[in-house]
Amino acid sequence: AEQSQGGVYQLALTGSAKSVLSQAAKALGVTGEVFEPEYSTPEFPTFLIGSKDGTTQSVAVTWTGTGNWWYNNPAAYPAPDCAEFAKADDGSEYCNRYQEQKPTPELQPTKAEMVSQAMRIFSATGLRVSAADISTSSNEWGSSAFASLQIEGQDSPVEWSLYWAANGTLASASGHSVSLVDKGDFKTISPRDAVARISD
């Protein structure tokens, strides 16, 4: 069975929930005090800056695991305009038919704009990457930019991302607050031996 050496890293939470939230909020233009919402639990302590009820933008962090934070901006999804009103039995008006949502490719950020915003927001929240490390995708309904935490030059599953809605507004973002702790080199086994050991 072939054996080789492999570096082992531990992902450690970095900073504090408050500092991570404040950095993310500052990078994303969200103001307010840090508070703990009622759905926060001792196992998954969650903290928030911004809108309590989700009607305006907010940034939240769950202070466990990789210290995952996320940003939500409901303004990126405005209610569609009403094309036809109708009257209810009680005399009140309601919208019977909404105007069709049309794609707006001209409102989407350019690749250069996405990369520039991603570099600014990612680096402000602890991910140091070069422009070449940022992947982007775009269509007429939305655009996204993302990059992974690098471990020994390889992408890891720990990812930062930004998403722009159809109107070109930044709708959501997410990232983490981790640092790599080098645990040294360990012997690795071949894939064949690894499969044989799965049932152990």
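Everything below is about the structure printed above this text.
Computed from a prediction, not measured in an experiment: that's the story for all the values here.

Criteria and thresholds
- Residues numbered from 1 in each chain as written.
- Predicted model: local features only at pLDDT ≥ 70, side-chain atom pairs only at ≥ 80, totals over all residues.
- Heavy atoms only, no water.
- Disulfide = S-S within 2.5 Å.
- Helix = DSSP H or I, 4+ residues; strand = E, 2+ residues; numbered from the N terminus.
- Pairing = 2+ DSSP bridges.
- Axes fitted to C-alpha atoms, helices over the stretch in contact; angles between N-to-C directions.
- Contact = heavy atoms within 4.5 Å.
- Expected span 1.5 Å × (residues − 1).
- Buried < 20%, exposed > 50% of the residue type's maximum accessible area, 1.4 Å probe, protein only.
- Arc of directions from axis to C-beta.

A.B. asks: Tell me what's going on with the state of the cysteines, and back it up with residues and numbers.
C.D. replies: A covalent bond between the sulfur atoms of two cysteines is referred to as a disulfide. This structure, assessed with the given rule, holds 1 disulfide. Covalently, cysteine 82 is tied to cysteine 95 through a disulfide, its sulfur atoms 2.1 Å apart. Taking the torsion about the sulfur-sulfur bond, which here is approximately 100°, the covalent link between cysteine 82 and cysteine 95 counts as right-handed. Within this pair, whereas cysteine 82 is found in strand β5 (residues 82-87), its partner cysteine 95 is found in strand β6 (residues 93-98), the two being separated by 13 residues in sequence.

A.B. asks: I'd like a rundown of the sheet that holds strand β10 (residues 170-175), residues and numbers included.
C.D. replies: Spatial strand order, β2-β3-β4-β10-β9-β8-β7: 7 strands in an open sheet with antiparallel pairing. Across the chains shown, the open sheet's two edge strands, defined by having one partner strand only, are β2 (46-50) and β7 (135-139). Strand-to-strand twist across the sheet, computed as the mean angle between neighbouring axes with direction ignored, equals 15°. In this sheet, strand β3 (residues 58-62) lies alongside β2 in antiparallel orientation, the contact comprising 5 bridges. Within β3, the residue paired with isoleucine 49 across the bridge is valine 59. Lying on the sheet, helix α1 (residues 17-28) is in contact with β2, β3, β4 (69-72) and β10; it crosses β3 at an angle near 150°.

A.B. asks: So, helix α2 (residues 111-124): which residues are in play, and what are the values?
C.D. replies: With 14 residues, α2 should cover 20 Å at 1.5 Å per step; its first-to-last C-alpha distance of 20 Å lies within 8% of that length. Among all positions in α2, only Met114, Val115, Ala118, Ile121 and Phe122 are buried. Down the axis of α2, the sector holding all buried residues measures 145°, keeping them to one side. Residues of α2 that are buried in the fold lie against α1, β4, β7, β8 (142-151), β9 (154-164) and β10. Phi turns positive one or two residues past the end of α2, at glycine 126, with a value near 100°.

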